Structures are given as structure tokens and as C-alpha cells.
Amino acid sequence: MKPTSSTPRARALAAGLRELREAHGMGLRKLARILGFAPQALSLWEKGLRLPTVADVALILGFFEVRGEKQKHLLELARTARERDWVTPGSPEITPELSGLLECERSATKITAWAFTIIPGILQTADYARAILSNSDLAPTQADTHLVTRLNRQRILSRPEPVQYRAIISERALREPIADEGVMSDQMDHLLEVTKRPNVSLRVLTTDGSYHPGMLGSFFLYEYGDTLPIALLEHAYSSAFLYEEDHIRAYFRLAKVLSGRALSEDASRTLIAEAAR
């Protein structure tokens, strides 16, 4: 039987419920006891492994006196949590969709990234990320919030049970002058340093002038030990989370094609070292 939970929306809902409880300093067992839930059920809801009913979510929101847009959005997630693919509008705020992304990354056992024009956020230095965010349509305070969030996401590489992170990066992303030479050189040095981790693999696909499907855009694949994978496609003002098996298989095939065309890890490190000079 295919799982009906752990879709992108389910993970966003799980993150929203967990963050709401923790923001009020409420223990999981205490909240379950007060509202009459089984602690095991509430735990599974907050992990995205089981889905609460809309009434369950409404009860939690009512207890914490959640109103307005946040209430509306979490209830909408509860109603649509079984829907598989999810296209989200962009927003300058830290949105529930970003919470969904954080949950996808936090609970993944393996992540495969294809980066065509920009170094993936998980591998960015603070200065490189700041150069991107400062040239986006964000207010300074919003850019700072996004920067802190982006840097915190990198902890999944160094936690006690780190995620297995496999990145294929276009040579174009190494050469694109996102920031000044000093920042770019530091970014290349950072890539060399992070690839010393046994859980990180980074390979470069050189620009030889021939077409390949990866030129159509970057994507990320999130794998889990207990549920189906999720794919994320990122665009300037929207993102698409994909959960349908046919879509996922297509992106795994594409990742295999790109991997087959990329340099070895050692040759990639040599190219990155040259770019750092």
C-alpha cells in the first residue's frame, strides 16, 4: 500500500504543528494529555508519518489560540495533505512552504542536488549567500532572516547522523561572478573543505557546449528510509514539490545521466581548486 502521509504538504503541516507546540514551551505528552490524543499519534503527526484530521488540527490551533493567516494556512494543509505534487508561490517571508523545505531536509537520509547556475544553499558560505540575498527583492531584515535560516540548514551535514549529500554542480555555477573575487575564492575553498566530509560527494559537470536536460534548471531529490522520495524544483518566484512516482523516477534518471557526464570527485576538486585562485 502506498503511504498517504509524508507528502510535501504533510511534511509542511508536521513542521508547522511541531513549531507551534515548541513556541509555546509545551511538551508533547502534556499537549496530548490535555487534548485527549495518544502521545504516539501526536508524535507521528509532528514527523509527517501520519495525518491528523482537519478537526484534530483545528483543536490544536484553538488550544493555542491561533488565528488569521496562520490558522487558515495550517487548516488548508490539513485538508490537502494527501495531495502529492505541490507548486508554491514565492514569498519574501519565512513561509510555511519554507518550513516544509526545512522538514524535507531535516528528515532526509540522502539528498541529491543538481545545481546549474548557483552553488546549492547547503554548500554556500555566508558571504556568497549574502551576495545573492542582497540582490534579491528582499528588505534588509528579511534578507538577514533568510541568511540565518540558510546557514542553519547546513547543520544537516555535521549532525551526529549526518545526511548523505551528493551534489553535481555545473562548471558554470563555479564561474558565475555572483560576488567579488575574494568572496568567490572563499566559496571555492569552502567547497574543497566540505568535501572532506565522508558524507559529502561533489562532482563538477564541465561546460563542453553540448546540450543536456539539466540545462533546464536545478533540482533536488530527498530520500527517506521509510517513505517515498520527494523532488524539489526551484524557480525565481515559485517552487514545485513533486511526489508522484513517475515524476520522481524521471528526475532520478536525469540525475544518473548528469552523474555519468560529470568529472570524478578528484578531478572535480582539482577544477574547484583552480577556480579558487
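Residues numbered from 1 in each chain as written. Predicted model: local features only at pLDDT ≥ 70, side-chain atom pairs only at ≥ 80, totals over all residues. Heavy atoms only, no water.

1. Topic: the overall build of the chain
Along the backbone of the chain there are 12 helices and seven strands. In terms of overall dimensions, the chain has a C-alpha envelope of 60 × 45 × 35 Å along the principal axes. Out of the 277 residues belonging to the chain, those deemed buried represent 48%. Approximately 13,800 Å² of the chain is accessible, and the part contributed by carbon and sulfur atoms is 52%. When the 35 positive and 34 negative side-chain charges of the chain are each reduced to one mean point, those points stand 7 Å apart. (Helix = DSSP H or I, 4+ residues; strand = E, 2+ residues; numbered from the N terminus. Buried < 20%, exposed > 50% of the residue type's maximum accessible area, 1.4 Å probe, protein only. Areas by Shrake-Rupley, 256 points an atom, 1.4 Å probe, with all protein chains shown as cover. Lys, Arg positive; Asp, Glu negative; His and termini not counted. Charge placed at Lys NZ, Arg CZ, Asp CG, Glu CD.)

2. Things to note about the packing of helix H1 (residues 8-23) against helix H3 (residues 39-47)
For the pair H1 and H3, the least separation of the axes is 6 Å and the interaxial angle reads 120°. The angle between H1 and H3 falls in the class oblique. Of the residues in H3, those in contact with Ala14, Leu17, Arg18 and Arg21 of H1 are Trp45, Glu46 and Lys47. (Axes fitted to C-alpha atoms, helices over the stretch in contact; angles between N-to-C directions. Parallel < 35°, antiparallel > 145°, perpendicular 65-115°, else oblique. Contact = heavy atoms within 4.5 Å.)

3. Looking at the pairing of strand E4 (residues 200-205)
Counting buried residues along E4, six of its six residues qualify, which places the element largely inside the surrounding structure. The side-chain alternation of E4 yields two buried faces, one formed by Val200, Leu202 and Val204 and the other by Ser201, Arg203 and Leu205. In this sheet, E4 lies alongside strand E3 (residues 164-170) in parallel orientation, the contact comprising six bridges. If you follow Ile169 over to E4, its bridge partner there is Val204. (Pairing = 2+ DSSP bridges.)

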